[in-house]
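Chain by chain, the residues:
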Amino acid sequence: MKKILFILLSSILVLSACGQKEAEVGHEEHAEHIAHSENGDIQETTASADVLPTFLDSQSEDMKLVYQAAAKANDILKWMPCYCGCGDSAGHMSNFNCFVQEIKENGEVVWDDHGTRCAACLEIAVMSINMTQEGKSLVEIRNAIDEAYKEGYATPTDTPMPS
């Protein structure tokens, strides 16, 4: 599994580095489910984490897998900061918000397309999930993320430290 996620991350980073364009979304068809945040991110609501947003339709299968994994890893990613500057630009509180704005009580998911355009967001999510699969604690993962991104990146999101 670790090897698969490494290959997945590598593929996504290559696609991101190539300047992949923002996904086209049929606004007329899905207007009631799609919104734009103040920073321009697209947010779309689906019935559950098993139903991916339409803004991923033109993305790679690898990108879709990261989004699915991120939505199901809230208990991990809510403790991991993001170092891309999205705390300031988009009001994100953790790496989880780069993919999912909110999971509602009824199970609906409000997805965010920010992660489709950001290599740091993708790297942090995949690294966090991989380290969990290796048996690392949340504190160990958080310390590794903070160390890896302490220089050359934006101010991290205001994410609490896991206990």
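Residues numbered from 1 in each chain as written. Predicted model: local features only at pLDDT ≥ 70, side-chain atom pairs only at ≥ 80, totals over all residues. Heavy atoms only, no water.

A. Spotlight on the packing of aromatic side chains. Per the stated rule, a full pass over the model turns up five aromatic pairs. Relative to Phe99, the ring of Tyr67 has its centre 5.0 Å away and its plane inclined at 80°; by these criteria the two rings are edge-to-face. Here the residue Tyr67 occupies a position in helix α3 (residues 61-72), and Phe99 occupies one in the loop between α5 (86-90) and β3 (100-103), the gap between them amounting to 32 residues. Each member of the pair, Tyr67 as well as Phe99, is classed as buried. Plain terms: the ring middles of Tyr149 and Tyr153 are 4.7 Å apart, the flat faces sit at 65° to each other, and that makes the pair edge-to-face. The class of Tyr149 is buried, set by a relative accessible area of 5%. By the ring-pair criterion, three or more aromatic residues cluster together here, those being Phe55, Tyr67, Phe99 and Trp111. (Phe/Tyr/Trp six-rings, centres within 6.5 Å; stacked < 30°, edge-to-face > 60°. Helix = DSSP H or I, 4+ residues; strand = E, 2+ residues; numbered from the N terminus. Buried < 20%, exposed > 50% of the residue type's maximum accessible area, 1.4 Å probe, protein only.)

B. Structural view of the pattern of salt bridges. For the structure on display, the rule yields seven salt bridges. Here Arg142 and Asp146 are joined by a salt bridge, their closest N and O atoms 3.0 Å apart. Remark: Asp146 and Arg142 occur in helix α7 (residues 138-148); sequence separation between them is four residues, near one turn of the helix. For Lys150, the salt bridge identified is with Glu147, shortest N-O distance 2.8 Å. Under the relative-accessibility criterion, Lys150 is labelled exposed at 52%. Judged by relative accessible area, Glu147 falls into the partly exposed class, the value being 48%. Three or more residues joined by partner-sharing salt bridges are found here, namely Asp41, Asp113 and Arg117. (Salt bridge = Lys/Arg side-chain N within 4 Å of Asp/Glu carboxyl O.)

From the geometry alone we can't say anything about function, so treat these as descriptive.
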